[in-house]
Amino acid sequence: MVQTMSRIMLSVAVLIATMGNAQAAVSALEQLKAAVPASKQCVSSEIKVQVPQTVEKTADSRRVSASEGMPAEFAVSAETFFPIKGHVSMVYEYTTSDQDKSEIVEVVFDAVNHNSGEVAVSARVSRPSDSTSVPTSFLAKRTALGVFSYDFIRRSNRMEFPSDLQPGAEWNSNVGIERIETLRGWVVVPAGKFTSCLKVVTRIGGGDLGTAVRYYAPGAGLVFEEIRAEDVQSQLRLVSITRN
């Protein structure tokens, strides 16, 4: 009976740890140790709870770790998954079937405007690895209806997601039917592992022409996008975020 209870409580502690709640996991382990006699404890001293990564700071900027901005409990809103604030540099790795090799794309948000409840931000999109490329402009806007973007990497306009963030919510876009799959998605990219993500799935042309998936992380925004269409396959993965 003691061993059974130990295994159950240990499983709960490990589950909590994998969900990112380090404090609750430690508490569960402490309760387990207290409940089981020392001679019968089955908790290994090798078990360690993963603590969120620290943030690397410099004098005038800081690189955000994959763990920062993702507490166990947070208010779900459009701002959570597309924070539009001050100067932010987001570096992505972009791969597409249109090109032979991947490239680095940097999106620098530098001008934020608040007007009648709307927040708009302009950005510059550049390709540091291509000396011949010319930076382009990019605009994102958060309104009462949702988050919208204009002229991103593929020069397309779209609603990123609606303000009403409910799993199963659907809307039509210029490429197909968009759907919020979950608010608890996770993805691994060069910037790290992101959890508690908003996952949006697109059925291109209603599903006849392919699919696409996007992940937005709390406190970060778009961290991953993959398109699998008849005419193109592409992948966008976050490499780093730097805030001044």
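The paragraphs below set out a description of the structure included in this document. (Residues numbered from 1 in each chain as written. Predicted model: local features only at pLDDT ≥ 70, side-chain atom pairs only at ≥ 80, totals over all residues. Heavy atoms only, no water.)

### With respect to the overall build of the protein chain
Phase 1 of the analysis: Looking only at helices and strands, the protein chain has 3 helices and 14 strands in total.
Phase 2 of the analysis: Within the protein chain, the fraction of its 244 residues that count as buried is 40%.
Phase 3 of the analysis: A fraction of 42% describes how many contacts in the protein chain between residues 6 or more apart in sequence connect residues 24 or more apart.
Phase 4 of the analysis: For the protein chain, the accessible surface area stands at approximately 13600 Å², while carbon and sulfur atoms represent 51% of it. (Helix = DSSP H or I, 4+ residues; strand = E, 2+ residues; numbered from the N terminus. Buried < 20%, exposed > 50% of the residue type's maximum accessible area, 1.4 Å probe, protein only. Contact = heavy atoms within 4.5 Å. Areas by Shrake-Rupley, 256 points an atom, 1.4 Å probe, with all protein chains shown as cover.)

### Section: the side chain of glutamate 178
Phase 1 of the analysis: With respect to the helices, strands and loops of the structure, glutamate 178 is situated in strand S10 (residues 176-189).
Phase 2 of the analysis: We classify glutamate 178 as buried; its relative accessible area is 1%.
Phase 3 of the analysis: One polar contact links glutamate 178 to arginine 214, side chain to side chain, over a distance of 3.3 Å.
Phase 4 of the analysis: Residues contacting glutamate 178, with those up to four places away along its chain left out, are Ala169, Glu170, Trp171, Ser173, Val200, Val201, Thr202 and Arg214. (Polar contact = N/O pair within 3.5 Å; in protein donor to acceptor, adjacent residues only side chain to side chain.)

### Focus on unusual backbone geometry
Phase 1 of the analysis: Even without a glycine there, the phi angle at serine 116 is positive, about 50 degrees.
Phase 2 of the analysis: Here serine 116 is to be found in the loop between strand S4 (103-115) and strand S5 (118-126).

### Quick word on a negative patch on the surface
Phase 1 of the analysis: On the surface, Asp98, Asp208, Glu230 and Asp231 cluster together into a patch of negative charge.
Phase 2 of the analysis: Here aspartate 208 lies in the loop between strand S11 (192-204) and strand S12 (210-217).
Phase 3 of the analysis: Classification of aspartate 208 by relative accessible area gives exposed; the value is 66%. (Patch = residues over 30% accessible without salt bridge, like charges linked within 9 Å, V, L, I, M, F, W, Y side chains within 5 Å. Salt bridge = Lys/Arg side-chain N within 4 Å of Asp/Glu carboxyl O. Lys, Arg positive; Asp, Glu negative; His and termini not counted. Charge placed at Lys NZ, Arg CZ, Asp CG, Glu CD.)

### Regarding the pairing of S10
Phase 1 of the analysis: Here strand S9 (residues 170-172) runs beside S10; their pairing, made up of 3 bridges, is antiparallel. Bridge assignment links glutamate 170 to a residue of S10, and that residue is arginine 179.
Phase 2 of the analysis: Taking the residues that link successive antiparallel strands as the turn, the S9-S10 hairpin has 3 residues.
Phase 3 of the analysis: Pairing analysis gives 10 bridges linking S10 to S11, with the strands arranged antiparallel. Looking across to S11, one finds that threonine 182 is bridged to lysine 199.
Phase 4 of the analysis: Between the end of S10 and the start of S11, which pair antiparallel, lie 2 residues. (Pairing = 2+ DSSP bridges.)

### Some words on the environment of lysine 193
Phase 1 of the analysis: Along the chain, the position of lysine 193 falls in strand S11.
Phase 2 of the analysis: The exposure class assigned to lysine 193 is partly exposed, which follows from its relative accessible area of 45%.
Phase 3 of the analysis: Measuring from C-alpha to C-alpha, the distance between lysine 193 and alanine 217 comes to 9.8 Å, with 24 residues separating the pair along the chain.

### A closer look at the pairing of S5
Phase 1 of the analysis: Pairing analysis gives 9 bridges linking S4 to S5, with the strands arranged antiparallel. The residue of S5 that forms the bridge with glutamate 106 is serine 126.
Phase 2 of the analysis: Between S4 and S5, which pair antiparallel one after the other, the connecting turn spans 2 residues, and serine 116 there sits at a positive phi close to 50 degrees.
Phase 3 of the analysis: Sheet analysis places S5 next to strand S6 (residues 136-142), joined by 7 bridges and oriented antiparallel. Of the residues in S6, the one forming a bridge with valine 119 is arginine 142.

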